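Below, each chain spelled out in residue letters.
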Amino acid sequence: MSKCLFLLSLCLVPFVAFSSTIFTSQNPIDLPTSNNNDLVLDVRGEPLQPDASYRIVSIGRGGLGGDVYLGVSPTTDLCPDGVFRYNSDVGPGGTPVKFIKSDQTGPGISEYQDINIHFSIATAKLCVSYTIWKVGDYDVSLGARLLETDGTIGRQDSSWFKIVKSPVRGYNLLYCPGPFVCPSCPIDQCQTVGEVNQNGRRRLALVKDNPLGVNFRRV
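Residues numbered from 1 in each chain as written. Predicted model: local features only at pLDDT ≥ 70, side-chain atom pairs only at ≥ 80, totals over all residues. Heavy atoms only, no water.

(A) Seen up close, the packing of aromatic side chains. The final tally for this structure, using the stated rule, is 8 aromatic pairs. A centroid spacing of 6.2 Å and a plane angle of 40° characterise the contact between Tyr 54 and Phe 99, whose relative ring orientation is tilted. With a gap of 45 residues between them, Tyr 54 in strand β1 (residues 54–58) and Phe 99 in strand β4 (residues 97–101) connect regions that are remote in the sequence. Phe 99 carries the same exposure label as Tyr 54, and that label is buried. Measuring from ring centre to ring centre gives 5.6 Å for Phe 119 and Trp 133, while their planes differ by 45°; the resulting arrangement is tilted. Taken together, the residues Phe 119 in strand β5 (residues 115–119) and Trp 133 in the loop between β5 and β6 (134–139) connect sequence positions 14 residues apart. Taken as a pair, Phe 119 and Trp 133 share a single burial class, namely buried. Within the aromatic cluster, the residues linked to one another by ring pairs are Tyr 54, Phe 99, Tyr 171 and Phe 216. (Phe/Tyr/Trp six-rings, centres within 6.5 Å; stacked < 30°, edge-to-face > 60°. Helix = DSSP H or I, 4+ residues; strand = E, 2+ residues; numbered from the N terminus. Buried < 20%, exposed > 50% of the residue type's maximum accessible area, 1.4 Å probe, protein only.)

In C-alpha cells:
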C-alpha cells in the first residue's frame, strides 16, 4: 500500500509544478478574451477599411460624450499638435482619421494589430507631419504621457497603437507596440488610452484606469 502511495506522489509532482507555473505568472498583461483575428467594426457593423475616413466617437452621451479632434496644445507655437476630445456630443463633430496597418495583408483591420493613426484633413505644408498620432514624453504637471501629433508612418517609434474590444462596450485604444514595429519601445505591459484634464479640455493620454470607450463612424 505504501509503495502505491509513493508512486502516486511521484506522478503528481510534475502536475503540481506545471500548475504553479501557470497560476503564479508575474505577467501584468491580461490575456485577450477575443480572437486576435477579429475584425474591428464601425457603428454600422461593417469592418474598418484602411482607405476610408472615420470619426472616433465616445460611447458616452451628453456630457459624457464627445468626438476626438485635432486641437492646439497650450505650448503650440505654430501647428495644432494635440489629440483632444470634445466635452460633449452636442456640437461639432470630431476630426476624421485614417488607420494605417503595419501589415497590409488581409481584409480590414484586426484587433491587436499594430496601426498608425493620422488625422485625415488638409493642412499647411509646414504642418503635414502634425496629423500623425504618437505618444509624447511624460508630462509632470499632468502625471501622464500625452497623445500628440508629429508622429511618423511605418517607422520604429512611439507612433503605433492597437484597437481592442472593450469589456464594457465599444472599443479601447492601446499603446503597446510589438517588437517588430518598435524594438526600442518597452514591452512589459500595454497601456490604455484615456484622458486627463488640460486647462478645461479633455486631452487624450496613457492612463492606468478608466480607459476611453470609443466607436468609429465612417465619414
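(B) Up close: the nonpolar core. Of all hydrophobic cores here, the largest spans 32 residues; its most connected members are Phe 99, Trp 133, Leu 147, Phe 161, Ile 163 and Phe 216. When residues no more than four places from it in sequence are discounted, the contact partners of Phe 216 are Val 40, Leu 41, Asp 42, Val 43, Leu 48, Tyr 54, Arg 55, Ile 56, Val 57, Phe 99, Ile 163 and Tyr 171. (Core = buried A, V, L, I, M, F, W, Y, C linked by side-chain atoms within 4.5 Å. Contact = heavy atoms within 4.5 Å.)

(C) Quick look at the state of the cysteines. According to the stated counting rule, one finds 2 disulfides in the structure shown. Put simply, Cys 79 and Cys 127 are joined by a disulfide, and their sulfur atoms are 1.9 Å apart. Because the sign of the S-S torsion sets the handedness, a value of about -75° for the bond joining Cys 79 and Cys 127 places this disulfide among the left-handed ones. Pair noted here: Cys 79 is in the loop between β2 (68–71) and β3 (82–85) and Cys 127 is in the loop between β5 and β6, with a separation of 48 residues, a long-range link. There is no split in this pair, since Cys 79 and Cys 127 are both buried. (Disulfide = S-S within 2.5 Å.)

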